[in-house]
Amino acid sequence: MPATEIDFEREFEELVRELRAVPAAAPDSVRQRVRALGEPAPRRSLPVLPWRRSLLVLAPACALALVAAAVVHGVLNSGNNSTRAVVAGEASSGSAGAKRDTHFGALTTPVPGALRSPFVPPDPGRHQDYQAWMTLRVKDLDALTDQTNEAMRVAQSFGGYVVSLQQSTRSGQPGEADLTLRIPVARVEAALVRLSDLGTVLARQVSIVDLEQTLRQQRTRILRLKLFIARATEQLKGNLPADVRLRLQLQLQAVRQDLAAATRSNKSTLNRAALSTVSLTLTTQKTATPVEKSGGGRFERAARDAGSFLAGAGAVILFLLIVLSPVIVLVAACVLGLRTYRRREERRLLAT
Amino acid sequence: MKAVNAVTTSWAGLSVDRPSFASVVDAELDAVHRYLVFLTGNRAVAEDLTGETFEKAFRTWRRFDPRRGTARAWLCRIARSAALDHFRSEERRRRREERYAHGAPQVEELELGRSVLEAALAQLSPAEREVVALRVLLDLDGPTAARVLGISATACSTRLSRALKRLEEMMSDARD
């Protein structure tokens, strides 16, 4: 018997006997009322676990479900990274001075067999500034020279021309050739496919900027200027005071200069739209771009993806805990307060 | 008398060997009634509350888990809750009456008062009477009674000892 237990049967033997003799059996009316309830209908339900036991079961189950989801996520995503490795290398290579503005659909997925163009084609119904960058690896310095010449021939064969060429071939060092080509937009896709056959494609990038709105604004401005010139010329044919005539003539002169500039600008925009810019880099370097850490075997990639998924899930859980912690504290305080109040009330009711 | 607190069901995975409600009624009706008589000090109130207790037990029968305690302890918890609700509503009623009756106190006459023992019991507080009922009459052991009362086993034992000593003193005074 614990030290706190009292052996009241022995200590208060007579009193206990008297207490047990107090008649307190339930009267028949109560007995009948209770028996009339019958038997509760059996309900098919899961046994009610105590909350502590439920927590012991649920917590590992949730953790297991999370790990399983992470594994599935990792396995499903690990198969796509061969494309990403090619994609990742693009940003570090390319011709000098070219603006890489991946404004529109930077890359398409390389298609096995290259039966169709991997490049995003220009829209034939719109004026667009089409720019492409490509990096190719060639076998050696001899191949570098041959392929550079071939690239220039390809540009010319498609109606284009070479804007610039920089080639460096030093013995014992990787060779590199940077070409900037202008090729008619209508034929640029075919030209790019042809150029990509000159070596092993290490990276490619396309930028398309729509010029329709720019051209529309330029045409509107040109029209407005021409309209002013026509009106002013008509006015000058009539009788005007000398000062008005002089002012109008000066305005006319300024507007004519503006018209010339606007026309030049419009022509330049149309030229940009007519000819695409292709920046081609040929290199003999074995590993042109470092492989991103997304390489490695499928299992490693799956494990890495699963880890990222778990880290993401952990971050979300932590965020929710931080956001909800004041609410949890408040609820706990309310529950505790309510429990304390009820206990005090019980003591008060049972003390009288 | 052996304390009735042993869990008599056995584990079979998650299945539970539950007694039928009717068998529990037959076994525990008098015990619950006795507890309520001691707790409330009023037989009429105890009868009502006994019926209420078993009605509540009937509605929540599927929540009773024999693995967590005996049917007697479970019913006593329900009975205690019903009794406390009764005390609360009685207190509210008394306050309303005091307000309208301009302070004339109403004294509830306890029915426990015929014999010396019953007169002495009437002098105890409900809290003291209920611990005596649970431990002495219903034979619940210390930890089970403490769980029903919502107090520690030590506090339960102390309360019982005090109550029995007071009872004994009052009875010896009355006999003298």
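Each chain has its residues counted from 1, following the order in which its sequence is written. All chains are assigned letters beginning at A, and all ligands numbers beginning at 1, according to the order in which they are written. Only residues with pLDDT of 70 or above have their local features reported here, since the model is predicted, and side-chain atom pairs are shown and tallied only from 80 upward, although totals for entire chains, interfaces and linings are computed over all residues. No hydrogens and no water enter the side-chain calculation; it runs on all heavy atoms of the structure.

## Observations concerning the overall build of chain B
Broken down by element type, chain B carries seven helices and zero strands. Numbering of helices and strands starts at the N terminus; helices are DSSP runs of H or I of at least 4 residues and strands are runs of E of at least 2. Written out in order from the N terminus, the α and β elements of chain B read α-α-α-α-α-α-α. Of all 176 residues assigned to chain B, the portion counted as buried reaches 51%. Here the analysis covers contacts within chain B between residues at least 6 apart in sequence; of these, 69% occur between residues at least 24 apart. Accessible surface, chain B: about 8,400 Å² in total, of which carbon and sulfur atoms supply 49%. Throughout, exposure labels follow a simple rule: accessible area from a 1.4 Å probe, protein chains only, divided by the maximum for the residue type, with under 20% read as buried, over 50% as exposed, and the rest as partly exposed. Here, residues are in contact when the closest pair of their heavy atoms is within 4.5 Å. What sets the accessible areas is the Shrake-Rupley method with a 1.4 Å probe; for residues, cover comes only from the shown protein chains.

## Here we look at the overall build of chain A
Within chain A, the secondary structure is distributed over ten helices and five strands. Looking at the 352 residues of chain A, the share that counts as buried comes to 31%. Look at the contacts in chain A between residues 6 or more apart in sequence, and 79% of them connect residues 24 or more apart. Within the structure as shown, chain A displays about 22,600 Å² of accessible surface, and the carbon and sulfur contribution to it stands at 59%.

## Quick look at the side chain of A:Gln128
Residue and element names in this part refer to chain A. Within the element layout of this structure, Gln128 appears in strand β1 (residues 128-137). A relative accessible area of 9% places Gln128 in the buried class. In this structure the side chain of Gln128 is engaged in a polar contact, spanning 2.8 Å, whose partner is the backbone nitrogen of Asp123. Contacts of Gln128, omitting those with residues within four sequence positions, involve Pro122, Asp123, Val185, Ile208, Val209, Asp210, Leu211, Arg272 and Ala273. Polar contact is the term for a pair of N or O atoms within 3.5 Å; when the atoms are in protein, one must be able to donate a hydrogen and the other to accept it, and sequence-neighboring residues count only if both atoms are side-chain atoms.

## Overview of the interface of chain B and chain A
Taken together, the contacts link 59 residues of chain B with 43 residues of chain A. Two parts placed together each lose some accessible area under a 1.4 Å probe, and the buried area is that loss summed for both. Between chain B and chain A, the buried area comes to about 4,600 Å², and carbon and sulfur atoms account for 60% of it. Contact with chain A buries area across many residues of chain B, yet B:Phe58, B:Arg62 and B:Arg88 alone supply 12% of it, more than any other trio. What counts as a salt bridge is simple: a side-chain nitrogen of Lys or Arg found within 4 Å of a carboxyl oxygen of Asp or Glu. Along the contact surface separating chain B from chain A lie seven salt bridges. The partner of A:Arg31 in a salt bridge is B:Asp30, with the nearest N and O atoms 2.8 Å apart. For the pair chain B and chain A, the number of links is 13 residue pairs in polar contact (both at pLDDT 80 or more). Contributions of two or more residues to the side of chain B that touches chain A are made by α1 (21-40), α2 (43-59), α3 (71-100), α4 (116-123), α5 (126-137), α6 (142-149) and α7 (153-175) of chain B.

## Examining the packing of helix α3 (residues 28-35) of chain A against α2(B)
α2(B) packs onto α3(A) with a crossing angle of 15° between their chain directions and a minimal axis gap of 10 Å. Accordingly, the angle class assigned to the pair α3(A) and α2(B) is roughly parallel. When you trace α3(A) past α2(B), the crossing you get is right-handed. Together, A:Val30, A:Arg33 and A:Val34 of α3(A) and B:Glu47, B:Asp48, B:Thr50, B:Gly51, B:Glu52, B:Phe54 and B:Glu55 of α2(B) make up the contact between the two elements. Charged means Asp, Glu, Lys or Arg here, nonpolar means Ala, Val, Leu, Ile, Met, Phe, Trp, Tyr, Cys or Pro, and polar covers whatever is left, Gly included. Residue classes in the contact of α3(A) with α2(B) are distributed as three nonpolar, two polar and five charged. Orientation is described by axes fitted as lines to C-alpha atoms, over the contacting stretch for helices, and by angles from 0 to 180 degrees between their N-to-C directions. Each angle is binned into one of four classes, with values under 35 degrees roughly parallel, values over 145 roughly antiparallel, values of 65 to 115 roughly perpendicular, and all other values oblique. Should the near helix be turned counterclockwise from the far one by less than a right angle, the crossing is left-handed, whereas a clockwise turn marks it as right-handed.

## Some details on the packing of helix α10 (residues 298-351) of chain A against α5(B)
Orientation of α10(A) relative to α5(B), taken along the N-to-C sense of each, is 90°, at an axis distance of 6 Å. Judged by the inter-axis angle, α10(A) sits roughly perpendicular to α5(B). Each of A:Leu349, A:Leu350 and A:Ala351 in α10(A) lies in contact with α5(B), whose residues at this interface are B:Pro126, B:Ala127 and B:Glu130. A breakdown of the residues in the contact of α10(A) with α5(B) according to their chemical character gives five nonpolar, no polar and one charged.

## Points about unusual backbone geometry
In this structure, B:Asp139 takes a positive phi of about 60° despite not being glycine. Examined against the element boundaries, B:Asp139 turns out to sit in the loop between α5 and α6.

## What about the confidence of the model for chain A?
Residues and elements named next belong to chain A. One number per residue, pLDDT, summarises how confident the predictor is, and it ranges from 0 to 100. The pLDDT averaged across chain A works out to 82; a share of 81% of its residues lies at or above 70. Taken together, the stretch residues 81-115 has pLDDT below 50 and engages in 56 contacts with residues farther than four places along the chain or on a different chain. Long-range and interchain partners of residues 290-294, a stretch whose pLDDT sits below 50, account for five contacts in this model, where long-range means more than four residues apart.

## Overview of the nonpolar core
Counting residues in each nonpolar core, the largest one holds 64 residues, and the members touching the most others are A:Leu19, B:Tyr35, B:Phe38, B:Val132, B:Leu134, B:Val136 and B:Leu164. Apart from the residues lying within four places of it in its own chain, the contact partners of B:Tyr35 are B:Cys76, B:Ala79, B:Arg80, B:Glu130, B:Ala133, B:Leu134 and B:Leu138. Listed in part, the 28 residues of the second largest apolar core include A:Phe119, A:Met134, A:Ala155 and A:Ile183. Nonpolar cores are built from buried Ala, Val, Leu, Ile, Met, Phe, Trp, Tyr and Cys residues. Side-chain atoms within 4.5 Å join them into one set.

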